[in-house]
Amino acid sequence: MRDELISRRRVLVGGALVGGAALSGAGFVGGVAFGRAVPAVPERRAPRELREPVSAERAWAALSAGNRRWMAGRARHPHQDPSRRRYVATRQHPYAVVLSCIDSRVPPEVVFDVGVGDLLVVRTAAHTLDPLVLGAVEYGPEELGVPLVVVLGHQRCGAVTAAAHAIRDRVTLPGDLQRIVEALRGVYTPDIERMIAAHTRDTVARLRPLLPHVVGARYDLDSGGVTRLV
Ligand SMILES: [Zn+2]
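What you see is a predicted model, and the numbers here were worked out from it, not measured in a lab.

Thresholds, definitions, all that
Residues numbered from 1 in each chain as written. Predicted model: local features only at pLDDT ≥ 70, side-chain atom pairs only at ≥ 80, totals over all residues. Heavy atoms only, no water. Donors = N, O, S within 2.8 Å, 3.2 Å for Na, K, Ca; no water. Buried < 20%, exposed > 50% of the residue type's maximum accessible area, 1.4 Å probe, protein only. Helix = DSSP H or I, 4+ residues; strand = E, 2+ residues; numbered from the N terminus. Polar contact = N/O pair within 3.5 Å; in protein donor to acceptor, adjacent residues only side chain to side chain. Contact = heavy atoms within 4.5 Å.

1. A few points about the coordination of the zinc ion
Okay, step 1: Listed as protein donors to the zinc ion are Cys-101 (SG), His-154 (NE2) and Cys-157 (SG); their distances from the metal cover 2.0 to 2.3 Å.
Okay, step 2: The motif formed by the donor residues of the zinc ion, counted along the single chain, is C-x52-H-x2-C.
Okay, step 3: In this structure Cys-157 comes out as buried when scored by relative accessible area, which is 2%.

2. Here's the deal with the side chain of Asn-67
Okay, step 1: If you trace the backbone, Asn-67 turns up in helix α2 (residues 56-71).
Okay, step 2: Under the relative-accessibility criterion, Asn-67 is labelled buried at 4%.
Okay, step 3: Reaching out from Asn-67, the side chain makes a polar contact with the backbone oxygen of Gly-224 at a distance of 2.8 Å.
Okay, step 4: Other than its neighbours up to four places away in sequence, Asn-67 contacts Val-111, Phe-112, Tyr-219, Gly-224, Gly-225 and Val-226.

3. Side note on unusual backbone geometry
Across residues other than glycine, the phi torsion is negative in most instances, and most of the peptide bonds are trans.
Okay, step 1: Despite not being glycine, His-77 has its phi angle at roughly 50°, a positive value.
Okay, step 2: Of the residues examined, His-77 reaches a relative accessible area of 51% and is grouped as exposed.
Okay, step 3: At His-213, a position not held by glycine, the phi torsion is positive, near 60°.
Okay, step 4: Within the fold, His-213 resides in the loop between α8 (192-207) and β6 (214-219).
Okay, step 5: The class of His-213 is partly exposed, set by a relative accessible area of 45%.

Honestly, that's just the spatial picture; any functional story needs more than this.
Next up, the structure:
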């Protein structure tokens, strides 16, 4: 199925059916957008490092550069103006999927200093996976040709902490919260920060057989920095 999707995308963006409505988000190869009917807002207006990267390595480099700006208090807030809104209104070519926690202190577009149309963001408590979430993560690489998936854990994750305490104390959390506990049971350790890192590595290990170019990283609430774990 995945091979079929990828090969279908390659055929489509290779020129056979470019311009169809079904391609509103798929016209992305080599940084070129194929939405012919849309008045182009030239990407050359963006600084070089903010153009959409076309490889996993360049995508990670762009996110790292944005995170350094955020850390240093020099965020540029790129791609957040009306011209960018018009540019992406009928197309999109995001360059990374970020699977991260719902925590209000870790908004991916902010901590990576990017804007509209740059990321596909999937957020669940402690970036826990289930089949629907997995489908959302797969959408980017398989349908839009997104080159990079980032699993982003973070310091002092409340969801991991709550799960660890529930496991330690043998408590059942109310309602569907217990599903989060069960999702984290396999990486339980009393050391919360170690458990957070282990969970991020475990999530990456689960995604890598399915998707190319998956990296795991940790966001530090104190410094604002993102460190690659795996
Ligand atoms: Zn969290």
